[in-house]
Amino acid sequence: MKNIAVIGAGTMGNGIAHTFAQKGFKVQLIDISQESLNRGIATITKNLDRMIKKEVISEADKEETLGNITTFTDIKEGVEYAQLVVEAATENVPLKLNIFKELDEVCGEDTVLATNTSSISITQIAAATKASRQDKVIGMHFMNPVPIMKLVEIIRGYNTSDQVTNTIMELSKTLGKVPVEVNDYPGFVANRILMPMINESIETLYNGVAGVQEIDTVMKLGMAHPMGPLQLADFIGLDVCLSILNVMYEGFKNPKYAPCPLLVNMVTAGKLGIKSGEGFYDYAESRKAEKIATQFA
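Here's a quick rundown of the structure. Model, not experiment: these values are computed from the prediction.

Structural notes on the nonpolar core
- With 33 residues, the main nonpolar core has Phe20, Leu84, Met140, Phe142 and Ile168 as its most contacted residues.
- If you tally residues by element for this core, the top one is helix H1 (residues 11-22), at five residues.

Looking at the sheet that holds strand E2 (residues 26-30)
- Pairing is mixed in the open sheet, where eight strands are placed in the order E3-E2-E1-E4-E5-E6-E7-E8. The open sheet has two free edges, formed respectively by strand E3 (69-72) and strand E8 (178-183), since each of these has just one partner strand. Neighbouring strand axes in the sheet, compared pairwise and without regard to direction, differ in orientation by 25° on average.
- Direction of pairing for E2 relative to E3: parallel, over a ladder of four bridges. If you follow Val27 over to E3, its bridge partner there is Ile69.

Looking at a negative patch on the surface
- On the surface, Asp74, Glu77, Glu80, Glu102 and Glu105 cluster together into a negatively charged patch.
- Inspection of the secondary structure puts Glu105 in helix H5 (residues 93-106).
- The class for Glu105 is exposed, based on a relative accessible area of 59%.

Concerning helix H7 (residues 162-174)
- Taking 1.5 Å of rise per residue, the 13 residues of H7 would be expected to cover 18 Å, and the 19 Å separating its terminal C-alpha atoms lies within 8% of that figure.
- Taken together, the buried positions of H7 are occupied by Val164, Thr165, Ile168, Met169, Leu171 and Ser172. Down the axis of H7, the sector holding all buried residues measures 165°, keeping them to one side. Looking at H7, the residues exposed on the side facing more than 90 degrees away from the buried face are Asp162 and Gln163.
- Elements in contact with the buried residues of H7: H1, strand E4 (84-87), strand E5 (112-115), strand E6 (137-142), strand E7 (151-156) and E8.
- In the segment just after H7, Gly176 is the residue with positive phi, at about 85°.

With respect to the packing of aromatic side chains
- The full count for this structure, using the stated rule, is two aromatic pairs.
- Ring centres of Phe20 and Phe25 lie 5.2 Å apart, and the angle between their planes is 90°; on these two criteria the pair is classed as edge-to-face.
- According to the relative accessible area criterion, Phe20 is buried, its value standing at 0%.
- Just above the ring of Phe25 sits the side chain of Lys2; from NZ or CZ to the centre is 4.5 Å.

Describing the pairing of E6
- Within E6, six of the six residues are buried, which leaves the element mostly enclosed by the surrounding structure.
- Bridge analysis of E5 against E6 gives three bridges, and the strand direction is parallel. When the bridges of E6 are listed, Leu113 appears paired with Val137.
- Strand direction decides the pairing type here: E6 and E7, joined by five bridges, are antiparallel. Bridge pairing links Gly139 to Ile155 in E7.

Details of the packing of helix H10 (residues 229-236) against helix H11 (residues 238-252)
- Between H10 and H11, the shortest axis-to-axis distance is 6 Å and the interhelical angle comes to 95°. With respect to H11, the axis of H10 lies roughly perpendicular. Contacts from Ala233, Asp234 and Ile236 in H10 reach Leu238, Val240 and Cys241 in H11.
- Of the residues assigned to the contact of H10 with H11, the class counts are five nonpolar, no polar and one charged.

Cut-offs applied
Residues numbered from 1 in each chain as written. Predicted model: local features only at pLDDT ≥ 70, side-chain atom pairs only at ≥ 80, totals over all residues. Heavy atoms only, no water. Core = buried A, V, L, I, M, F, W, Y, C linked by side-chain atoms within 4.5 Å. Buried < 20%, exposed > 50% of the residue type's maximum accessible area, 1.4 Å probe, protein only. Helix = DSSP H or I, 4+ residues; strand = E, 2+ residues; numbered from the N terminus. Pairing = 2+ DSSP bridges. Axes fitted to C-alpha atoms, helices over the stretch in contact; angles between N-to-C directions. Patch = residues over 30% accessible without salt bridge, like charges linked within 9 Å, V, L, I, M, F, W, Y side chains within 5 Å. Areas by Shrake-Rupley, 256 points an atom, 1.4 Å probe, with all protein chains shown as cover. Salt bridge = Lys/Arg side-chain N within 4 Å of Asp/Glu carboxyl O. Lys, Arg positive; Asp, Glu negative; His and termini not counted. Charge placed at Lys NZ, Arg CZ, Asp CG, Glu CD. Expected span 1.5 Å × (residues − 1). Arc of directions from axis to C-beta. Contact = heavy atoms within 4.5 Å. Phe/Tyr/Trp six-rings, centres within 6.5 Å; stacked < 30°, edge-to-face > 60°. Lys NZ or Arg CZ within 6 Å of the ring centre and 35° of its normal. Parallel < 35°, antiparallel > 145°, perpendicular 65-115°, else oblique. Nonpolar A, V, L, I, M, F, W, Y, C, P; charged D, E, K, R; others polar.

Here it is in structure tokens:
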């Protein structure tokens, strides 16, 4: 596989495109608007410039990476020659099902369809395609930031073939990643463990046990976490955390996965973390992690 299409130019999509392109793959980056694509390319360029500053890559490497990426606003045109399509759209079930239904119609019969979902059933997504395609649908859950983080969860759906699984495992290794094969259950491994911890941290704040910085400090210094769970939630996006928790709650019907009311209220109020400039911390005017959440204590 040398020709890769990536659906979505947002945080995960541009990171996935960057990673493939830097390893010499030809990448077709697809989004619904040229504006979104321009933002994605700008982010990739900024990240490459940061790598040059750290002397990880050269200016020539940067130009080669950017030269490997072509942008498209039309899915059919963008996937025409793709051997692998990686979908990295918003964590929304109907949206992903619609995308895979369309991909099934416009992609070649041998094209492998992967999803970067962090929690949604691969089997459910594969069911949006015809029966003859479902053995070629798989999960590739990259971690954020994609160019830096080594882990890729490889999730096989009920009908995913051994051949496709082995191919994607080996492909991930060529990207310099460490692929880990997991089975298809809500949240897989990473988020099944991480999200309840984040949710419990929000519950701890909600119940007035401690403040934002205090909770994060305990987890950083006491558990050797590089980032506290509330700051991590801001980094992931509180809306994304809520979506994943809802998927797990619906999938398992277990109250331990029910999202904390504080998380629900914050997302409803548009306090989504870094992406909105405010979450458990205030990111306005380039301030980093200044506490604003004393009102919740």
